[in-house]
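# An overview of the molecular structure
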Amino acid sequence: MLQLRAVPTFFESLGRDLLGDDNRAKRVLACLACLIVTTLLGYGYASQVHVQGWQLWVWVLCVFITLVALFPTTPPPLKSERTWIWLGIIFVAAFFLRALFLETIPGGLHTDETGTAGFSMLQVTPFSSKTINPFRTGPASWPVLYYYIERVSMGLFGATITGLRLPSAFIGALSVVTTYGLIAVMQDKKTALIAAVLMVTFPYHLHWSRLALNNIWDSVWVPLMLGAFVWGWETRWSGGAVVAGFAVGMSQYFYLGSKLGLFMLGMLILQIWFQTAAAERPVLIVHLGKLVLTAAVIAAPLFMFVISNPAAYLTRTNEAYGWSVEAIRTISPDLNVWNYFWHQLTYSVGAFNVYPDVTGFYGPGTPLLIGIASPLFVIGFLWATYERQFLPVLWIVLTVIFGGILLSGAPSSSHFAVSMPAMVWLIAIPLGWLVRRGHWRLAAAVIALIILTDLAFYFGVYVPGHPRDLKYPFPTSG
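This write-up is about the structure you can find in this document. Just so it is clear, the structure is predicted and the values come from calculations on it, not from any experiment.

## Here's the deal with the overall build of the protein chain
- On a plain count of helices and strands, the protein chain comes out with 21 helices and two strands.
- Relative to the 2.2 N^0.38 estimate, which gives 23 Å for 478 residues, the radius of gyration of the protein chain is 23 Å and therefore close to what a compact globule would have.
- With the C-alpha coordinates of the protein chain rotated into their principal frame, the extents come out at 65 × 65 × 50 Å.
- For the protein chain, with 478 residues in total, the buried portion stands at 52%.
- The centroid of the 27 positive side-chain charges in the protein chain is displaced by 5 Å from the centroid of its 20 negative side-chain charges.

## Focus: the packing of aromatic side chains
- Inspection of the entire model under this criterion finds 29 aromatic pairs.
- Both rings, one in Trp338 and one in Phe341, keep their centres 6.4 Å apart while their planes meet at 85°; by these two values the pair is edge-to-face. Of the two residues, Trp338 and Phe341 both sit in helix H16 (residues 337-349), three residues apart, roughly one turn of that helix.
- Take Phe341: its relative accessible area is 32%, and that puts it in the partly exposed class.
- A network of ring pairs unites the aromatic residues Phe119, Tyr146, Tyr147, Trp217, Trp221, Phe246 and Phe254 as a single cluster.
- The residue whose ring lies beneath Arg236 is Trp233, and the NZ or CZ to ring-centre distance is 3.8 Å.

## Remarks on the nonpolar core
- Core analysis: the largest hydrophobic core is formed by 126 residues, its most contacted members being Trp59, Tyr204, Leu226 and Phe229.
- Element by element, the count of residues in this core is highest for helix H20 (residues 420-436), at 11 residues.
- If we skip the residues at most four places from it in the chain, Phe229 touches Leu224, Gly240, Ala241, Ala244, Leu265, Ile269, Ile272, Leu284, His287, Leu288 and Leu291.
- Among the nonpolar cores identified, the runner-up in size contains seven residues, and Leu109, Met154, Leu164 and Ala212 belong to it.

## Description of empty space enclosed by the protein
- What the rule picks out here adds up to one cavity of 30 Å³ or more.
- If you trace the largest cavity, you find it lined by Leu198, Phe202, Pro203, Leu369, Ile370, Ala373, Val424, Ile427, Ile450 and Asp454.
- Of all elements in the fold, only H20 and helix H21 (440-462) reach the threshold of two or more residues within the lining of the largest cavity.

## Some remarks on the packing of helix H8 (residues 189-201) against H20
- Axis separation between H8 and H20 bottoms out at 7 Å; the angle between their running directions is 130°. Accordingly, the angle class assigned to the pair H8 and H20 is oblique. For H8 against H20, the interelement crossing comes out right-handed. Mapping the contact onto sequence places Lys190, Thr191, Ile194, Ala195, Leu198 and Met199 in H8 and Met420, Pro421, Val424, Trp425, Ile427, Ala428, Ile429, Leu431, Gly432, Val435 and Arg436 in H20.

Procedures and definitions
Residues numbered from 1 in each chain as written. Predicted model: local features only at pLDDT ≥ 70, side-chain atom pairs only at ≥ 80, totals over all residues. Heavy atoms only, no water. Helix = DSSP H or I, 4+ residues; strand = E, 2+ residues; numbered from the N terminus. Rg over C-alpha atoms; globule rule 2.2 N^0.38 Å. Buried < 20%, exposed > 50% of the residue type's maximum accessible area, 1.4 Å probe, protein only. Lys, Arg positive; Asp, Glu negative; His and termini not counted. Charge placed at Lys NZ, Arg CZ, Asp CG, Glu CD. Phe/Tyr/Trp six-rings, centres within 6.5 Å; stacked < 30°, edge-to-face > 60°. Lys NZ or Arg CZ within 6 Å of the ring centre and 35° of its normal. Core = buried A, V, L, I, M, F, W, Y, C linked by side-chain atoms within 4.5 Å. Contact = heavy atoms within 4.5 Å. 1 Å grid on protein atoms, 1.4 Å probe; cavity = no way out; pocket = protein on both sides within 12 Å on 5 of 7 lines; lining within 4 Å. Points joined across faces, edges and corners; volume = space filled by probe spheres on them. Axes fitted to C-alpha atoms, helices over the stretch in contact; angles between N-to-C directions. Parallel < 35°, antiparallel > 145°, perpendicular 65-115°, else oblique. Left-handed = near helix turned anticlockwise from the far one by under 90°.

What follows is the structure, given as structure tokens:
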């Protein structure tokens with residue numbers, strides 16, 4: 001009975017937080033108007049392959065208005081200028097390793113990269129009367145907006161392999177920063193700094209940052225949506241929720257691996273909800289509301305397309321599904337389901353330490369982790385489980401299930417790309433413990449050994465070995 005009496009008080013408090021003054025009410029109404037516009041854009045043009053181009057600019061304007069309206073007027077509670085200096089140095093180092101010699105390292109284009117280049121140049125024509133609808137799917141059922149980014153890059157830096165791959169190099173470097181932010185919020189700054197340093201030279205991440213494919217974007221969107229939301233709530237600065245909502249909304253236009261981030265974000269929100277006092281829950285709902293509204297304004301056009309044409313959106317998912325008769329037969333000709341399950345389980349779990357990537361996207365001939373990083377990853381996984389630091393553990397488990405066991409061709413480096421921030425996080429956990437215990441010299445030696453091993457392997461062994469599927473030239477316009 002007391003709980004029922006508290007309901008009106010709860011909603012009165014929520015109403016004050018949402019519409020407590022005229023300025024705040026107008027901001028909310030502006031965002032709702034933007035949501036209506038972007039939803040109608042998606043609905044009105046869902047069936048059209050080509051559009052005039054103004055639709056994209058209206059969407060960009062609505063996203064901008066939403067961000068401005070929802071960001072709080074108070075500045076973010078940022079501290080420690082020294083941290084930003086270190087992050088700047090790390091970002092520059094990461095970008096340097098990812099952006100140089102893109103024409104020849106890791107080699108020619110993968111066939112999927114040539115498809116990206118060709119589609120971007122032929123179909124994305126924003127200054128003509130007809131361009132591909134940015135709010136639908138294109139080749140392999142990937143959302144088209146990514147190809148607009150590639151087209152802009154090639155327009156600025158030339159229709160070359162470098163121009164094609166530069167967005168991935170930049171995003172790969174940026175993901176080092178977002179990974180630091182997430183771990184600093186969820187654990188501590190020392191562990192976060194170690195993980196960021198290791199990520200700079202991590203061969204798996206380094207490689208995917210040098211390919212013109214949308215997989216690497218997962219390593220920005222997922223840490224950003226998780227870290228920004230938690231940090232924003234802990235500091236009671238709702239701009240963190242807006243940033244998280246931006247990451248959630250934008251991630252829908254990129255690789256499917258970011259969907260795992262939505263599951264983890266939901267788990268974090270539930271955890272925060274049950275740990276929050278009843279008196280503060282209206283504030284938390286406002287925090288959540290900003291996240292949802294920002295994400296909805298951004299993702300609404302694509303969502304309307306998915307509703308009207310789900311088959312086009314799910315084409316690639318259905319093709320990669322690993323439990324069809326054809327997929328089972330490739331591993332178990334007698335269609336023994338238990339044998340196939342065991343294969344999927346062992347090869348997916350073993351992707352990190354035992355079994356090499358089976359695809360030509362990477363195909364290093366080694367597991368995803370090499371050298372001393374391999375046992376440190378296992379130590380970190382067990383350590384995090386024991387310490388109830390479940391986020392990186394859950395991250396790896398979800399990747400194994402949805403990127404390995406449920407899909408064909410296990411292990412595939414493209415399906416595991418979303419887990420790269422969690423991998424360096426787990427490797428950094430025992431090294432962070434050494435630093436906190438005063439054994440920083442030993443930790444520094446191990447970090448240096450990992451960095452040297454990674455650089456020697458990628459640039460001294462892997463690239464000179466001529467990766468088998470990275471052999472195609474930049475496509476000609478003819």
